[in-house]
Amino acid sequence: MNLCVNCKEGTTFLSSKETSDESHMGEYIFNYVDKCIEEVVSKNVVQVVTDNASNNMAVAELLKVKRPNIF
């Protein structure tokens, strides 16, 4: 999994995690994304973009509960 940040200076790589031996369930991905949001400070995050795979949609639902200002 790769996470990037897009800002006025451009797109910057933030984090990468080898997950080929892990199950990509919503809660697992949520914990990874949420940790990265904490690192950049949640008030600086306005949007999380992903595809619409069911596990990513589960992440979106969890983020909407914890961080409603992002959506």
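Throughout what follows, the structure given in this document is the object of discussion.

Definitions and cut-offs
- Residues numbered from 1 in each chain as written.
- Predicted model: local features only at pLDDT ≥ 70, side-chain atom pairs only at ≥ 80, totals over all residues.
- Heavy atoms only, no water.
- Core = buried A, V, L, I, M, F, W, Y, C linked by side-chain atoms within 4.5 Å.
- Buried < 20%, exposed > 50% of the residue type's maximum accessible area, 1.4 Å probe, protein only.
- Helix = DSSP H or I, 4+ residues; strand = E, 2+ residues; numbered from the N terminus.
- Contact = heavy atoms within 4.5 Å.
- Pairing = 2+ DSSP bridges.
- Axes fitted to C-alpha atoms, helices over the stretch in contact; angles between N-to-C directions.
- Parallel < 35°, antiparallel > 145°, perpendicular 65-115°, else oblique.
- Left-handed = near helix turned anticlockwise from the far one by under 90°.
- Nonpolar A, V, L, I, M, F, W, Y, C, P; charged D, E, K, R; others polar.

## Digging into the nonpolar core
The nonpolar side chains of a soluble globular protein tend to be buried with one another.
Okay, so step 1: Of all hydrophobic cores here, the largest spans 12 residues; its members are Leu 3, Tyr 28, Ile 29, Phe 30, Tyr 32, Val 33, Cys 36, Ile 37, Val 45, Val 59, Leu 63 and Ile 70.
Okay, so step 2: Those elements that provide at least two residues to this core are helix 1 (26–40) and helix 2 (54–66).
Okay, so step 3: In terms of residue count, helix 1 provides more of this core than any other element does, seven residues in total.
Okay, so step 4: Those residues in contact with Cys 36, other than ones at most four positions away along the chain, are Leu 3, Leu 14 and Ser 15.

## Structural notes on the pairing of strand 2 (residues 10–16)
A regular strand carries its side chains on alternate faces of the sheet.
Okay, so step 1: By the bridge criterion, six bridges tie strand 1 (residues 2–7) to strand 2 in an arrangement that is antiparallel. Each residue of the ladder has a partner; that of Cys 4, found in strand 2, is Phe 13.
Okay, so step 2: If you look at the hairpin formed by strand 1 and strand 2, you'll find two residues sitting between the two strands.

## With respect to the side chain of Asp 34
Okay, so step 1: Within the secondary structure, Asp 34 sits in helix 1.
Okay, so step 2: Asp 34 sits in the buried class, given a relative accessible area of 7%.
Okay, so step 3: With residues near it in sequence (within four places) discarded, Asp 34 still touches Leu 63, Lys 66 and Arg 67.

## Considerations on the environment of Leu 14
Okay, so step 1: In this structure, Leu 14 sits in strand 2.
Okay, so step 2: Residue classification places Leu 14 among the partly exposed positions, given a relative accessible area of 31%.
Okay, so step 3: Sequence-wise, Leu 14 and Phe 71 are 57 residues apart; in three dimensions their C-alpha atoms are separated by 20 Å.

## What about the packing of helix 1 against helix 2?
Okay, so step 1: Close contact between helix 1 and helix 2 brings their axes to 8 Å; oriented N to C, the two are set at 50 degrees. Relative to helix 2, the element helix 1 is oriented oblique. Crossing of helix 1 against helix 2: the hand is right-handed. Every residue of helix 2 that contacts helix 1 at Gly 26, Glu 27, Ile 29, Phe 30, Val 33, Asp 34 and Ile 37 is listed here: Asn 55, Asn 56, Ala 58, Val 59, Leu 62, Leu 63 and Lys 66.
Okay, so step 2: Residue classes in the contact of helix 1 with helix 2 are distributed as eight nonpolar, three polar and three charged.

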